[in-house]
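Spelled out, the chains give:
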Amino acid sequence: MTNCVLCKDELKPEESELIWRGDDCRVILVNDPDLPGFCRVIWNRHVAEMTDLTYGEREHLMALLFVVEEAVRHIMRPHKVNIAALGNMVPHIHWHVIPRYKDDAFFPGSAWSVRTQEATKSSLEARGALAKRLPAAIRSAISQMH
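Treat the numbers as computed from the prediction; the structure is a model and nothing was measured.

Visitor: Which residues make up the pattern of salt bridges, and what are the values?
Guide: Inspection of the entire model under this criterion finds six salt bridges. Here Arg115 makes a salt bridge to Asp34, at a shortest N to O gap of 2.5 Å. Here Arg115, found in the loop between strand 5 (94–100) and helix 3 (121–131), pairs with Asp34, found in the loop between strand 2 (25–30) and strand 3 (39–43); they are 81 residues apart in sequence, far enough to count as distant. A relative accessible area of 38% means that Arg115 is categorised as partly exposed. A salt bridge links Arg115 to Glu118; the nearest nitrogen and oxygen atoms lie 3.1 Å apart. One salt-bridge network, in which partners are shared between bridges, spans Asp34, Arg115 and Glu118.

Visitor: Outline the side chain of Arg127, supporting the account with residue identities and numerical values.
Guide: Among the structural elements, Arg127 can be located in helix 3. By relative accessible area, Arg127 is classed as buried at 10%. The contact partners of Arg127, leaving out residues within four places of it in the chain, are Pro36, Met76, Tyr101, Asp103 and Ala119.

Visitor: Outline the packing of aromatic side chains, supporting the account with residue identities and numerical values.
Guide: Scanning the entire structure with this criterion turns up zero aromatic pairs. A cation sits over an aromatic face here: Arg58 above Tyr55, 4.5 Å from the ring centre. When the ring centre of Tyr101 is taken as reference, the NZ or CZ atom of Arg127 above it lies at 3.7 Å.

Visitor: Got a sec to walk through the side chain of His94? Specific residues and values, please.
Guide: Looking at the secondary structure, you find His94 in strand 5. Reaching out from His94, the side chain makes a polar contact with the backbone oxygen of His92 at a distance of 2.6 Å. Reaching out from His94, the side chain makes a polar contact with the side chain of His96 at a distance of 3.4 Å. Setting aside residues up to four positions removed in sequence, His94 forms contacts with Leu6, Arg40, Val41, Ile42, Ala84, Ala85 and Gly87.

Visitor: Account for helix 4 (residues 134–143), naming residues and giving values.
Guide: Among all positions in helix 4, only Leu134, Pro135, Ile138 and Ile142 are buried. Projected down its long axis, helix 4 shows its buried positions confined to an angular sector of 95°, all on one face. In this fold, the buried residues of helix 4 make contact with strand 1 (16–21), strand 2, strand 3, helix 2 (55–76) and helix 3.

Here is what the cut-offs are and how they apply
Residues numbered from 1 in each chain as written. Predicted model: local features only at pLDDT ≥ 70, side-chain atom pairs only at ≥ 80, totals over all residues. Heavy atoms only, no water. Salt bridge = Lys/Arg side-chain N within 4 Å of Asp/Glu carboxyl O. Helix = DSSP H or I, 4+ residues; strand = E, 2+ residues; numbered from the N terminus. Buried < 20%, exposed > 50% of the residue type's maximum accessible area, 1.4 Å probe, protein only. Contact = heavy atoms within 4.5 Å. Phe/Tyr/Trp six-rings, centres within 6.5 Å; stacked < 30°, edge-to-face > 60°. Lys NZ or Arg CZ within 6 Å of the ring centre and 35° of its normal. Polar contact = N/O pair within 3.5 Å; in protein donor to acceptor, adjacent residues only side chain to side chain. Arc of directions from axis to C-beta.

This is how it looks when you write it as structure tokens:
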């Protein structure tokens, strides 16, 4: 699919950072000022639904997703981690791994909800500093998968 933003694999540095890329998947850190530590796990081939993958591919993708979630929990220390695979806007398998805090802009709703509050600048700066540690932690965890 030529117009799929996830197939193009063009990362704009101001929007996201490539953390890791394998033959089947990649992990990016999303530059979201409201949600530091927000990661995406993206299947490299254009596939719309999880059931379009083989059982082995599904297991591989989920193992990678769980490694990313665990790293996010360990580094970011959120109150909760949201994991979502919507694909309504971009029908290409990708999972969102989002650390959530009781004071984040959208809590208790989803990360795509209407803002309910404003996190303090100091909280966002502290979380941003933690998020800078995620790439190394995720790469290290992935290297220990096998």
